[in-house]
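Coordinates in review
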Amino acid sequence: MILDKIVEDKKIRLVEHKSRISMTEMRKMAEKCEAHPASFYEGLAKPGISIIGEFKKASPSLGNINSQIDLTKRIDEYNASVDCISCLTEEDHFLGTVHYLKEIREISPLPILRKDFMIDEYQFYEAKVIGANAILLITGILDDVQMKDFYQLSKELELDALVEVHDEKELERAMKIDADIIGVNNRNLKDFTISLDTTVQLSKLVPEDKVLVAESGILQDADVELLKECGVDAFLIGRALMEAEHPKEVAKRWKA
């Protein structure tokens, strides 16, 4: 299964990272860091539709992404049009790196989500150090104890958490930790198939006081209109913005 392979590769990468900067040192660095003032939660919870513009180089389902513009130009357009930024930092399957996030942090005042497969405390301290405002918790790769502990650690580090679910059972688990931002991934991470009906159905079960984010498979105007009718608060857009020559125009149109 693709997801299992990604997690196993992440464990190997973590050994490498900890050999360069130990857990103890990373934690000390995080404790000395002042939280970046931008709020990921507030960027999504405000009135109207919010957009999280993603930066990624590749994905297991798409392969390498044909980006029309470089990182600096892209972030300039995101700064003028989106509400938050998502940056892939997973190295083996999405060709991401923490260095991309640090580079984005230097040129953007927007809240930044560290999008990765978070399975170890080390990654949360690292997220704080590199300037992230939020992290991703994928319900499908965490047990209940990890969910609770990682969510609490995020709050202690002043990081918001986008808690990602794909089905009703995972949504119930997210509710147990009282997650305030729920991301519904329309992509099944077991086989990478996509159905917008995932958000359509789960949106009926998400309490109104939660921020609801639709993720994956949002490629055209009709997709946006369908999901707006479901009461989503925000869209996380990857491929459509990454392949657009003028992502600012796309983002502004979909927010209208």
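The preceding data block contains the structure.
In this text, all values refer to a predicted model and were calculated from it rather than measured experimentally. (Residues numbered from 1 in each chain as written. Predicted model: local features only at pLDDT ≥ 70, side-chain atom pairs only at ≥ 80, totals over all residues. Heavy atoms only, no water.)

It is worth spelling out the state of the cysteines at this point. Taken as a whole and assessed by the stated rule, the structure comprises zero disulfides. The cysteine Cys87 is free of any disulfide, with Cys84 supplying the nearest cysteine sulfur at 14 Å. (Disulfide = S-S within 2.5 Å.)

Moving on, we get to the pattern of salt bridges. Within the structure shown, the criterion is met by 22 salt bridges. For the salt bridge of Arg13 with Glu91, the shortest nitrogen-to-oxygen distance reads 3.7 Å. Of the two residues, Arg13 sits in helix H1 (residues 2-20) while Glu91 sits in the loop between strand S4 (84-88) and helix H5 (98-107), which places them 78 residues apart along the sequence. What makes Arg13 partly exposed here is its relative accessible area of 22%. Judged by its relative accessible area of 19%, Glu91 is buried. For Lys155, the salt bridge is made with Asp180, and the minimal N-O distance between the two is 3.3 Å. Here the residue Lys155 occupies a position in helix H7 (residues 144-156), and Asp180 occupies one in the loop between helix H8 (168-176) and strand S8 (181-185), the gap between them amounting to 25 residues. Given a relative accessible area of 19%, Asp180 falls into the buried group. (Salt bridge = Lys/Arg side-chain N within 4 Å of Asp/Glu carboxyl O. Helix = DSSP H or I, 4+ residues; strand = E, 2+ residues; numbered from the N terminus. Buried < 20%, exposed > 50% of the residue type's maximum accessible area, 1.4 Å probe, protein only.)

Each pair of packed helices gets described by two things: the angle between the helix axes and the distance between those axes. Relative to each other, H1 and helix H6 (residues 121-130) sit at 60°, their axes nearing to 11 Å. Classified by the angle between their axes, H1 and H6 sit oblique to one another. Seen along the crossing, H1 lies across H6 with a hand that is left-handed. Seen from H1, the contacting residues are Lys10, Leu14, His17 and Lys18; seen from H6, they are Tyr122, Gln123 and Glu126. Of the residues belonging to the contact of H1 with H6, the class tally is two nonpolar, two polar and three charged. (Axes fitted to C-alpha atoms, helices over the stretch in contact; angles between N-to-C directions. Parallel < 35°, antiparallel > 145°, perpendicular 65-115°, else oblique. Left-handed = near helix turned anticlockwise from the far one by under 90°. Contact = heavy atoms within 4.5 Å. Nonpolar A, V, L, I, M, F, W, Y, C, P; charged D, E, K, R; others polar.)

When a strand is regular, its side chains alternate between the sheet's two faces. A large share of strand S9 (residues 211-215) lies buried, amounting to five of its five residues. On S9, burial covers both faces: Val211, Val213 and Glu215 on one face and Leu212 and Ala214 on the other are all buried. Pairing between S8 and S9: five bridges, direction parallel. What sits directly across from Ile182, in S9, is Leu212. Of the crossover connections in this fold, the one passing from S8 over helix H9 (residues 197-202) to the parallel S9 is right-handed. Handedness of the crossover joining S9 and strand S10 (residues 234-237) through helix H10 (residues 221-228) is recorded here as right-handed. (Pairing = 2+ DSSP bridges. Right-handed = clockwise from strand over helix to strand, strands pointing away.)

With that settled, consider the nonpolar core. Counting 87 residues, the largest nonpolar core has Phe40, Leu44, Leu137, Val163, Val213, Ile218 and Phe235 as its most contacted members. Non-local contacts of Phe235, meaning those with residues more than four positions away in its chain, are made with Ile49, Ser50, Ile51, Ile52, Val213, Ala214, Ile218, Val224, Leu227 and Lys228. (Core = buried A, V, L, I, M, F, W, Y, C linked by side-chain atoms within 4.5 Å.)

Ordered in space as S1-S4-S5-S6-S7-S8-S9-S10, the eight strands form a closed barrel in which the pairing is parallel. The average angle at which neighbouring strand axes cross in this sheet is 25°, direction not considered. Pairing of strand S1 (residues 50-55) with S4 involves four bridges; the strand directions are parallel. By the bridge assignment, Gly53 is partnered in S4 with Ile85. Packed onto the sheet, H7 meets strand S6 (134-138) and strand S7 (160-165) and runs at close to 150° relative to S7.

On to the packing of H10 against helix H12 (residues 247-255), then. At their nearest, the axes of H10 and H12 sit 10 Å apart, and the two run at 35° to each other. Considering the relative orientation of H10 and H12, their crossing is right-handed. Note on element contacts: H12 touches H10 through Arg253, Trp254 and Lys255, opposite Asp221, Val224 and Lys228. Its residues assigned to classes, the contact of H10 with H12 shows two nonpolar, no polar and four charged.

With that settled, the discussion passes to a negative patch on the surface. A contiguous patch of negative charge on the surface is contributed by Asp70, Asp76, Glu103 and Glu106. Residue position: Glu106 is located in helix H5. (Patch = residues over 30% accessible without salt bridge, like charges linked within 9 Å, V, L, I, M, F, W, Y side chains within 5 Å. Areas by Shrake-Rupley, 256 points an atom, 1.4 Å probe, with all protein chains shown as cover. Lys, Arg positive; Asp, Glu negative; His and termini not counted. Charge placed at Lys NZ, Arg CZ, Asp CG, Glu CD.)

This structure, assessed with the given rule, holds three aromatic pairs. Taking the centre distance of 5.9 Å and the plane angle of 35° together, the rings of Phe94 and Phe117 count as tilted. Of this pair, Phe94 sits in the loop between S4 and H5 while Phe117 is found in the loop between strand S5 (112-115) and H6, placing the two residues 23 residues apart along the sequence. Phe117 shares its class with Phe94; the two are buried. (Phe/Tyr/Trp six-rings, centres within 6.5 Å; stacked < 30°, edge-to-face > 60°.)

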